[in-house]
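# Architecture at a glance
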Amino acid sequence: MTAPWSLRFDQRSYDSLRERLRTDAGAAVLACTLQQSPRANRLLVRAVFPARNGIEHIIGESGRHQMTANFVRDNAFYCADNNYCYVSVHQHGGRDSVELSEPDLAAHERSYPSLLQMLDAPVGGMVFAESAAAGDIWLPAGGRVALSEVVVAGKRVQSLRPKPLRPGSAQPDPTRQRQSLLFGNAGQQILRGMKVGVVGVGGVGSMLVEYLARLGVGHLIVADPDRLEDTNFSRVLSSRVRDFRPGFWRKRTPKVDVAERAARIANPAGRFEKIFDDFRRPDVAKRFLDCDYLFLAADPMSVRLLFNQIVHQYLIPGVVIGSKARVNQRTREITQVTTAVRLIGPGAACLWCNQLVTPHLLAEEAASPEQRGAQRYIDDPTVEAPSVITLNATGAGLASNWFLFGVLDLGAPDYDFCVFDALTGSAQEHRARRDNSCPECQNRLGAGNSLPLTTLAQ
Amino acid sequence: MLVPAVAQAIAELRKQFGDDRVTYDEDGSGGAFTTVHAIELPSPPYNSPTWMSFQIAYTYPAAEIYPVFVRPDLRCDGYTNNAMRAASWRNTAAMQLSLRIINNKRAVDVETAVHKALKVIAWLEAHR
């Protein structure tokens with residue numbers, strides 16, 4: 001069975017398009033990149049070109065509304081020049097279900113063969129109802145596929161389908177009955193069908209794996225290049241003493257193996273992919289590009305940079321969790337104990353815009369340990385900082401709840417970052433800063449495979 | 001093996017300064033320890049020519065070029081200030097030029113390796 005086809009928006013582009021379709025534009029062209037894997041064929045919206053009523057969207061000779069030939073041609077050339085896919089979209093009435101009409105399909109029959117010749121990339125047409133979407137995608141090699149869903153990758157992940165999702169025919173899982181009371185069997189089915197990535201499975205990451213597996217997320221993929229050490233034992237869930245005490249024939253256990261142990265207990269029916277390697281390697285990062293959601297629980301700046309790029313480039317919502325504890329080495333006074341949870345949204349909150357990844361910190365990280373010592377950097381990443389399981393639990397729990405409520409479209413915070421201060425028990429909410437000329441979140445938005453990711457050399 | 005962005009940076013440096021004046025060693029992650037040789041500076045106060053070395057990390061251009069190292073006896077008069085101090089670069093004595101004082105740009109601006117090299121030379125010429 002071939003992988004399903006879907007189309008993904010970032011929240012801002014989607015909201016803008018829907019507003020234009022309600023007001024002054026009868027249709028639009030979406031320029032999309034294409035990201036394909038055995039699991040999914042995703043059209044990622046890169047640019048939106050509204051066709052204004054009476055200008056680019058007119059009543060044609062048949063008496064039906066249509067985009068002008070010039071508008072179609074200009075946008076087709078734009079897509080062809082940039083190796084984008086061309087998808088037209090307009091609005092139908094109705095609410096929870098929609099389908100392409102006979103005139104829509106007839107229009108596709110007339111024009112898409114020639115568009116395919118121009119673009120050598122998928123070409124399609126899509127219609128919206130209020131809470132539904134349907135699409136007809138023509139493929140360069142021949143054949144047509146229907147869009148299974150349109151995904152809006154915002155804080156609340158909206159999924160627009162031709163018809164409402166029906167709960168599967170399988171019997172409800174009694175082990176998840178209590179949570180199904182909150183979001184129903186349909187919600188459980190959504191979780192079961194998701195692929196979620198966790199980068200880093202140390203203290204925070206191990207908790208995320210436990211929570212996600214127990215929620216019933218069907219497919220988890222994790223990456224971590226480290227083996228468990230004695231200093232991790234107090235924070236990594238499911239770790240055992242023998243994991244960090246190597247035997248004659250046994251090395252210290254990879255952290256991904258410890259995570260797998262927890263996941264298989266919590267969700268025996270789930271799929272668990274473990275990668276005992278560095279996320280920054282191109283062959284590793286590639287395996288996360290078809291995820292539905294991403295979590296970052298690792299510290300290096302270069303990992304943050306890559307994570308941020310994937311979120312915006314492949315339109316995948318993400319959460320970054322970090323804890324910081326500082327102790328004055330001379331006075332032993334605890335000066336800071338905080339955990340920060342940050343929603344990183346495609347086209348929205350961005351680690352680069354908010355200076356959580358900076359050119360200087362990246363350069364500092366790249367220096368050798370000897371060079372860092374010689375340059376007397378203050379925040380030497382090789383110097384251990386305090387770390388506590390209870391602080392990690394605060395961050396992991398908040399992040400997991402944002403994920404759960406977001407992907408089931410139940411709710412989302414109206415802020416982007418939350419910093420919890422364990423010393424005072426207070427939480428500060430922040431809205432992320434957004435730079436309209438950001439080389440990361442704006443330049444890479446929906447770019448898919450058309451821009452290289454910042455990965456280690458092959 | 002260099003990542004494409006770093007290879008491009010070295011190509012641009014060679015285009016600016018000449019093929020035979022730019023050398024590099026790979027840093028093992030896709031970046032490069034790069035040296036621009038035979039940079040002429042006003043003498044006095046500088047001992048000229050100098051070399052200029054820096055690491056171009058694999059995360060370039062997101063990662064800035066910092067710090068920059070030159071010959072340890074750069075100044076004929078031995079003068080140093082907050083921007084210039086004795087250091088070691090890859091087990092070789094050097095003078096480190098501090099970006100934070102030379103370049104007062106906003107932290108998240110990005111610049112090319114060529115821009116950085118020319119900026120350092122311009123600063124040295126302006127601060128005799």
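Provided above is the structure to which this section pertains.
Residues numbered from 1 in each chain as written. Chains lettered and ligands numbered in written order. Predicted model: local features only at pLDDT ≥ 70, side-chain atom pairs only at ≥ 80, totals over all residues. Heavy atoms only, no water.

### Quick notes on the overall build of chain B
Scanning chain B from terminus to terminus reveals three helices and six strands. In chain B, the succession of α and β elements from N to C terminus is α-β-β-β-β-β-β-α-α. The C-alpha radius of gyration of chain B comes to 14 Å, within 12% of the 14 Å expected for a compact globule of 128 residues. When its C-alpha atoms are laid out on the principal axes, chain B stretches across 40 × 35 × 25 Å. Residues counted as buried form 52% of the 128 residues belonging to chain B. Sequence-distant contacts in chain B: of pairs separated by 6 or more residues, those separated by 24 or more amount to 51%. (Helix = DSSP H or I, 4+ residues; strand = E, 2+ residues; numbered from the N terminus. Rg over C-alpha atoms; globule rule 2.2 N^0.38 Å. Buried < 20%, exposed > 50% of the residue type's maximum accessible area, 1.4 Å probe, protein only. Contact = heavy atoms within 4.5 Å.)

### Quick notes on the pairing of strand β1 (residues 5-10) of chain A
All names here are of chain A. In terms of burial, β1 is largely enclosed, as six of its six residues are buried. With burial as the criterion, each face of β1 is covered, one bearing W5, L7 and F9 and the other bearing S6, R8 and D10. With four bridges connecting them, β1 and strand β3 (residues 41-52) associate as parallel partners. Each bridged residue has a counterpart across the sheet, and for R8 the counterpart in β3 is L44. With six bridges connecting them, β1 and strand β9 (residues 144-153) associate as parallel partners. When the sheet's bridge partners are listed, L7 is paired in β9 with V150. (Pairing = 2+ DSSP bridges.)

### As for the side chain of D278 of chain A
Within the secondary structure, D278 of chain A sits in the loop between β13 (271-275) and α8 (282-285). Apart from residues no more than four positions distant in its own chain, D278 of chain A is found in contact with P225, V284 and L456 of chain A.

### Brief notes about the packing of aromatic side chains
Tallied over the full model, the rule gives 15 aromatic pairs over all chains. Between F9 of chain A and Y14 of chain A the ring centres are 5.5 Å apart and the planes differ by 65°, which places this aromatic pair in the edge-to-face class. The rings of F9, Y14 and F128 of chain A are connected pair by pair, giving a single aromatic cluster. Geometry around F417 of chain A places R342 of chain A over its ring, the cationic atom sitting 5.3 Å from the centre. Taking the ring centre of Y46 of chain B as reference, the NZ or CZ of R75 of chain B above it sits at 5.4 Å. (Phe/Tyr/Trp six-rings, centres within 6.5 Å; stacked < 30°, edge-to-face > 60°. Lys NZ or Arg CZ within 6 Å of the ring centre and 35° of its normal.)

### Describing the pattern of salt bridges
Residue and element names in this part refer to chain A. Per the counting criterion, the structure on display carries 31 salt bridges over all chains. For D74, the salt bridge identified is with R73, shortest N-O distance 3.0 Å. With a relative accessible area of 39%, R73 lands in the partly exposed category. A salt bridge links R281 to D277; the nearest nitrogen and oxygen atoms lie 3.2 Å apart. For R281, a relative accessible area of 27% corresponds to the partly exposed category. Here the residues in one salt-bridge network are D257, E260, R264 and K274, joined through shared partners. (Salt bridge = Lys/Arg side-chain N within 4 Å of Asp/Glu carboxyl O.)

### Remarks on the environment of R235 of chain A
Residues and elements named next belong to chain A. Looking at the element boundaries, R235 is found in the loop between β12 (219-223) and α6 (241-244). Linking R235 and V204, residues 31 residues apart in sequence, is a C-alpha distance of 7.9 Å. What R235 contacts, discounting residues up to four positions off in sequence, is G203, S206, S387, V388, I389 and N392. In this structure the side chain of R235 is engaged in a polar contact, spanning 3.2 Å, whose partner is the side chain of S387. (Polar contact = N/O pair within 3.5 Å; in protein donor to acceptor, adjacent residues only side chain to side chain.)

### Things to note about the sheet that holds strand β18 (residues 426-430) of chain A
Residue and element names in this part refer to chain A. Taken together, the eight strands give an open sheet; going across it, the order is β13-β12-β11-β14-β15-β16-β17-β18, and neighbouring strands pair in mixed fashion. Each edge of the open sheet carries a strand with a single partner, namely β13 and β18. Each strand of the sheet is rotated relative to its neighbour by a mean of 15°, with strand direction disregarded. Pairing of strand β16 (residues 334-344) with strand β17 (residues 417-421) involves five bridges; the strand directions are antiparallel. Across the sheet, the residue bridging to V341 is C418, located in β17. Contacts from helix α7 (residues 255-266) reach β12 and β13 within the one sheet, and its direction differs from that of β13 by about 175°. Lying on the sheet, helix α12 (residues 389-407) is in contact with β11 (195-199), β14 (293-296), β15 (318-327), β16 and β17; it crosses β16 at an angle near 15°. (Axes fitted to C-alpha atoms, helices over the stretch in contact; angles between N-to-C directions.)

### Side note on the sheet that holds strand β1 (residues 22-26) of chain B
Residue and element names in this part refer to chain B. Strand order in this open sheet of six strands is β1-β2-β3-β4-β6-β5, and the pairing throughout is antiparallel. Since the sheet does not close on itself, it has two edges, and those belong to β1 and β5 (84-89), each with one partner. Direction aside, neighbouring strands of the sheet carry axes that sit 30° apart on average. Taken together, the six bridges between β5 and strand β6 (residues 92-97) define a ladder with antiparallel strand orientation. Following the sheet pairing, M84 is matched in β6 by L97.

### Details of the state of the cysteines
Applying the stated criterion across every chain, the model contains zero disulfides over all chains. Here C418 of chain A stays free of any disulfide, with the sulfur of C350 of chain A as its closest cysteine sulfur at 20 Å. (Disulfide = S-S within 2.5 Å.)

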